[in-house]
Amino acid sequence: MAAAAPAGSLGAAGDQGRNRSAPGEVIHLNVGGKRFSTSRQTLTWIPDSFFSSLLSGRISTLKDETGAIFIDRDPTVFAPIFNFLRTHELDPRGVNGSFLVHEAQLYGITPVRRLQLREELDRSSCGNVLFNGYLPPPVFPAKRRNRHSLAGPQLSGGRPAPVRRSHTMPPNLGNAGLLGRLLEDKAPMPSSGSPDEPGMVRLVCGHHNWIAVAYTQFLVCYRLKETSGWQLVFSSPRLDWPIERLALTARVPGGALGEHDKMVAAAAGSEILLWALQADGNGSEIGVFQLGVPVESLFFVGNQLIATSSTGRIGVWNAVTKHWQVQEVQPITSYDAAGSFLLLGCNNGAIYYLDVQKFPLRMKDNDLLVSELYRDPAQDGVTALSVYLTPKTSDSGNWLEIAYGTSSGGVRVIVQHPETVGSGPQLFQTFTVHRSPVIKIMLSEKHLISVCADNNHVRTWSVTRFRGMISTQPGSTPLASFKILALEAADSHGGCSAGNDIGPYGERDDQQVFIQKVVPNSSQLFVRLSSTGQRVCSVRSVDGSPTTAFTVHECEGSRRLGSRPRRYLLTGQANGSLAMWDLTTAMDRLGQAPLQSEASMDSNPSRRGSLPPPQPEARRRGTGSFVERCQELARNGPEPRRPPTPAPRPHPGPGAPLLTPKAPLSETSF
């Protein structure tokens, strides 16, 4: 079968008689304005190629004023292909390997099936060493009985309103019979007219050894068992509205609910549905609650379910009293929790706090006891909030350290000593390095990290501590500056949809990471250190489907000797499956081999601390097939620019102050 002609090479029919000339005739080519001359035999030694079809008259030709056959392609990429036809050897001369593969396919000088097979071999369906597990799409459930009639802004014309999200890729149902019922019993068409996507993972969250996965109209929960792995233990009925928010709690201190100490909640519009979970797989509906305004944040603090809205309304459900309380405060722009305290950042520059464990109510009006903790000196809105509780160093209690970002781009740190609880927090540090509103902030044991709305621009500082408490000697020093670029259509605060939050993820006493998905509908994610922006690893879906939701979750260690908690990257796919990736192993390998190239880390993470492998034989001239050499060039092309790898830090001895050495400033962007 003749190969298709390159774009622009078709024109008026040439003289077929002259094309069928003697094998030794000289053929002149004009490729993109550059002339090439060779014999007819050189161009036609590969059967059924573009050139054999061209010179046999099966493809019409377009000639320039000198009579040379014109081919509208890049002459730089054509040169190594032309030399391969002459010498049967590949001399790339600095041309990108992926371009060579594309041009080779275009000219038909390589077997296409062999090229496809090579690509399939490079992408294993079992993943690499970081791939930890795969959960197939669940069975689509039946409708929920005794459905509540929705009321309020989430209805439009009697149909569920479309979910605010940034993905438009329809699910790839393929041959999966698990979701085959969707073809017979589809969800109603949203008012926007766009088709719904019931089989796609929309949200993923985890708590201890449990994870919850939300689809368009139902959710499922999995539990990690030490001997049998992840097991499906709960599947909700099919709901009448699309799920927009998801929250899970898997262990409540003290066991206030007895065997019902695990709960999962889902929200859409202003309605919240709450279930109690049991380890044997049974679940019971606790109730349906109304916030009255769209729910924009849904989370648990202990055994209290919290729902907030930017309008200034907060709802709290107490598991002990079975009481749902709704109260108005100032418009909420950020929040964070520390222990049983919930802190709210508002647009009036104030930070309010509420002890949800005690669930205090004012006697005069039975309202929640919301108290003002601090007010920004410039009255700027508090758009990001992070609380760090230091370890107890005396009987007086913890130091309370709060970092917050403002609508004007400022970053402030306030602290409160246990001895001065009555006087409130004191301003500790101020940074004015952002010119856009700060959308994320994180204060951890070793770093202060802020992200602004300018394409997720990140600034980081090293935090100096003495006996666990933040210190001014030498104080917080600048560490890095980079961007977590994500070309997603923003539909929520911070430029990220609810299921595609970039982070940072991780415990505050450990190294944290950002998760980056550069383009929409991509199947590849990049994991980067939140302190320096250095890439830890990249993961790609094992089934080739786009990644639609992700999160980072730390599971408890087993009871076996030497076991420790492990950190996982959970990725939900467009076809409804869920994949798990071992970030603990990736972080360990990064620390053991800081000088190892990023390419070897991504392509073969199984080499722990080893030197990069020698160049394959296929890259040498005269060895290997053309396809193998092109593919090898594509895999070993120039690496993208990345932040420098930080030098290993010495481990302080017992009782020594946590002094972070100065690191070179890093100015990078992806």
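Bear in mind the structure is a predicted one, so any value in this text is a computation, not a measurement.

**Q** Requested: an account of the state of the cysteines, with residues and values cited.
**A** Going through the model one piece at a time under the given rule, you end up with zero disulfides. Not part of a disulfide, Cys 205 finds its nearest cysteine sulfur in Cys 221, a span of 7.6 Å. Residue classification places Cys 205 among the buried residues on the basis of a relative accessible area of 14%.

**Q** An account of the sheet that holds strand β19 (residues 332-338) is requested, with residue identities and associated values reported.
**A** In spatial order, the strands read β19-β20-β21-β22; together these four strands make up an open sheet with antiparallel pairing. Every interior strand has two partners, whereas the edge strands, β19 and β22 (371-375), have only one. The average angle at which neighbouring strand axes cross in this sheet is 25°, direction not considered. Sheet topology places strand β20 (residues 341-346) next to strand β21 (residues 350-355); five bridges connect them, and they run antiparallel. Counted as the bridge partner of Phe 341 is Asp 355 from β21.

**Q** Can you tell me about the sheet that holds strand β13 (residues 271-277), naming the residues and giving the values?
**A** The sheet built from four strands is open, its strands ordered β11-β12-β13-β14 with antiparallel pairing. Bordering the open sheet on either side are β11 (245-249) and β14 (283-290), each of which pairs with just one other strand. Neighbouring strand axes in the sheet, compared pairwise and without regard to direction, differ in orientation by 15° on average. As defined by bridge partners, strand β12 (residues 262-268) adjoins β13 across seven bridges and the pair is classed as antiparallel. Its bridge partner being in β13, Ala 265 is matched across the sheet by Leu 274.

**Q** So what's going on with the nonpolar core? Residues and values would help.
**A** Ranked by size, the top nonpolar core spans 24 residues in total, and within it Leu 29, Leu 43, Phe 51, Phe 78, Tyr 107 and Ile 109 carry the most contacts. At the level of secondary structure, the elements contributing two or more residues to this core comprise β1 (26-31), α3 (50-55), β3 (69-71), α4 (75-87) and α5 (97-107). Of the residues forming this core, the biggest block, six residues, is contributed by α4.

**Q** Any chance you could break down the side chain of Asn 30 for me, citing the residues and the numbers?
**A** Its place among the elements puts Asn 30 in strand β1. Asn 30 sits in the buried class, given a relative accessible area of 10%.

**Q** Give a description of α4 that names residues and reports values.
**A** Relative to the 18 Å expected for 13 residues at 1.5 Å per residue, α4 spans 18 Å between its end C-alpha atoms, a close match to the ideal helical length. Counting buried residues in α4 gives 10 out of 13 residues, a clear majority hidden from the surface. Listed in full, the buried residues belonging to α4 are Pro 75, Val 77, Phe 78, Ala 79, Pro 80, Ile 81, Phe 82, Asn 83, Phe 84 and Leu 85. Positive backbone phi, at 60°, marks His 88, one or two positions downstream of α4.

**Q** Pulling in residues and values, what's your account of the side chain of Arg 245?
**A** You can see Arg 245 is positioned in strand β11. Among buried Asp, Glu, Lys and Arg side chains, Arg 245 stands out as unpaired, with Glu 244 the closest opposite charge at 5.4 Å. Reaching out from Arg 245, the side chain makes a polar contact with the backbone oxygen of Glu 296 at a distance of 2.9 Å.

**Q** Outline the pairing of β20, listing residues and values.
**A** Taken across its six residues, β20 has five buried, putting it largely inside the fold. Note that β19 and β20 share six bridges and pair antiparallel. In the sheet register, Ala 337 faces β20, and the bridge partner there is Leu 342. Linking two consecutive strands that pair antiparallel, namely β19 and β20, is a turn of two residues; a positive phi of about 65° is found at Gly 339 within it. In sequence, β20 turns back onto β21 through a hairpin of three residues, with Gly 349 there showing a positive phi of about 85°.

What counts and how
Residues numbered from 1 in each chain as written. Predicted model: local features only at pLDDT ≥ 70, side-chain atom pairs only at ≥ 80, totals over all residues. Heavy atoms only, no water. Disulfide = S-S within 2.5 Å. Buried < 20%, exposed > 50% of the residue type's maximum accessible area, 1.4 Å probe, protein only. Pairing = 2+ DSSP bridges. Helix = DSSP H or I, 4+ residues; strand = E, 2+ residues; numbered from the N terminus. Axes fitted to C-alpha atoms, helices over the stretch in contact; angles between N-to-C directions. Core = buried A, V, L, I, M, F, W, Y, C linked by side-chain atoms within 4.5 Å. Expected span 1.5 Å × (residues − 1). Lys, Arg positive; Asp, Glu negative; His and termini not counted. Salt bridge = Lys/Arg side-chain N within 4 Å of Asp/Glu carboxyl O. Polar contact = N/O pair within 3.5 Å; in protein donor to acceptor, adjacent residues only side chain to side chain.

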